[in-house]
Amino acid sequence: MWERILPPAIFLVVAVAAWEGAVQSFGIPKWLLPAPSAILARFLKTPNLWVHTLLTVMEATSGFVASAVLGISLAAGISHSRFLERGVFPYVVISNAIPIIAIIPLLTIWFGFGYAPRS
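Reading the values: rules and limits
- Residues numbered from 1 in each chain as written.
- Predicted model: local features only at pLDDT ≥ 70, side-chain atom pairs only at ≥ 80, totals over all residues.
- Heavy atoms only, no water.
- Helix = DSSP H or I, 4+ residues; strand = E, 2+ residues; numbered from the N terminus.
- Rg over C-alpha atoms; globule rule 2.2 N^0.38 Å.
- Buried < 20%, exposed > 50% of the residue type's maximum accessible area, 1.4 Å probe, protein only.
- Salt bridge = Lys/Arg side-chain N within 4 Å of Asp/Glu carboxyl O.
- Expected span 1.5 Å × (residues − 1).
- Axes fitted to C-alpha atoms, helices over the stretch in contact; angles between N-to-C directions.
- Parallel < 35°, antiparallel > 145°, perpendicular 65-115°, else oblique.
- Contact = heavy atoms within 4.5 Å.
- Nonpolar A, V, L, I, M, F, W, Y, C, P; charged D, E, K, R; others polar.
- Patch = residues over 30% accessible without salt bridge, like charges linked within 9 Å, V, L, I, M, F, W, Y side chains within 5 Å.
- Areas by Shrake-Rupley, 256 points an atom, 1.4 Å probe, with all protein chains shown as cover.

J.: Just checking my understanding: could you explain the overall build of the chain for this structure?
T.: Along its length, the chain carries five helices and zero strands. Across the chain, helices and strands are ordered from the amino to the carboxyl terminus as α-α-α-α-α. In terms of C-alpha radius of gyration, the chain reaches 22 Å, well past the compact-globule figure of 14 Å for 119 residues. Here the chain, with 119 residues, has 7% of them falling under the buried criterion.

J.: In this structure, what is going on with the pattern of salt bridges? I would like to understand it.
T.: Where charged atoms of side chains with opposite charge meet at close range, the side chains can pair. Counted under the stated rule, the structure contains one salt bridge. The shortest N-O distance in the salt bridge between Arg82 and Glu85 comes to 3.4 Å. One end of the pair, Arg82, and the other, Glu85, are both in helix 4 (residues 82-97), three residues apart, so they sit about a helical turn from each other. Using a relative accessible area of 53% as the deciding quantity, one classes Arg82 as exposed.

J.: Which parts of the structure should I look at to understand helix 5 (residues 100-111)?
T.: An α-helix turns once every 3.6 residues. As a result, residues three or four positions apart point the same way. With twelve residues, helix 5 should reach 16 Å at 1.5 Å per residue; the first-to-last C-alpha distance of 16 Å fits that figure. Downstream of helix 5 by a residue or two, Gly112 has a phi angle that is positive, lying close to 90°.

J.: Please explain the packing of helix 2 (residues 36-45) against helix 3 (residues 48-80) as it appears in this structure.
T.: Where helix 2 meets helix 3, the axes come as close as 6 Å, and the angle between the chain directions of the two elements is 95°. Taken together, helix 2 and helix 3 sit at an angle that is classed as roughly perpendicular. Judged by residue contacts, Arg42, Phe43 and Leu44 of helix 2 engage Leu49, Trp50 and Thr53 from helix 3. Considered class by class, the residues forming the contact of helix 2 with helix 3 number four nonpolar, one polar and one charged.

J.: Could you clarify how one ought to interpret the environment of Ala18 in this entry?
T.: Within the secondary structure layout, Ala18 lies in helix 1 (residues 2-26). When its relative accessible area of 45% is taken as the criterion, Ala18 is described as partly exposed. Between the C-alpha atom of Ala18 and that of Pro90, which follows or precedes it by 72 residues, the distance is 48 Å.

J.: Looking at this model, I keep getting lost on the environment of Ile28. Mind explaining?
T.: Here Ile28 lies in the loop between helix 1 and helix 2. C-alpha of Ile28 to C-alpha of Ile98: the two residues are 70 residues apart in sequence and 40 Å apart in space. Once you skip the residues sitting within four places of it in the chain, Ile28 turns out to touch Ala22, Val23 and Leu33.

J.: Would you explain the environment of Gln24 in this entry?
T.: Structurally, the position occupied by Gln24 is in helix 1. Look at Gln24 and you get exposed, because its relative accessible area is 52%.

J.: Sorry, what's going on with a nonpolar patch on the surface here?
T.: A cluster of nonpolar side chains, contributed by Leu12, Val16, Trp19, Trp31, Leu32, Leu33 and Ile39, occupies part of the molecular surface with about 720 Å² of accessible area. Among the elements that take part in the nonpolar patch, helix 1 stands out by supplying three residues, more than any other. Within the secondary structure, Ile39 sits in helix 2.

Set out below in structure tokens:
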């Protein structure tokens with residue numbers, strides 16, 4: 001188990017240390033590239049960030065779960081039903097050609113600015 005966890009953990013620590021060292025040694029302004037220590041200090045100092053972080057994680061998780069359930073169900077239906085394959089698969093292919101940025105205004109108009117269009 002450790003042979004799977006240790007290399008990415010070591011790489012993360014080295015990358016963050018190099019980032020911190022580069023910002024400190026080259027005197028990079030905070031507005032351009034803040035140091036990891038400055039980010040952590042700000043995160044711990046501002047209580048609203050925890051709330052917004054939790055909300056963002058919840059939205060991302062619910063969107064992932066919804067898309068996984070819909071995607072797996074649709075894939076199973078298409079692979080086991082000739083009718084669904086012929087009826088739905090062309091629309092799945094077409095939907096891959098539509099950029100998500102083009103759909104966002106429609107979702108905003110239909111569902112508003114709240115939680116619904118993001119999930």
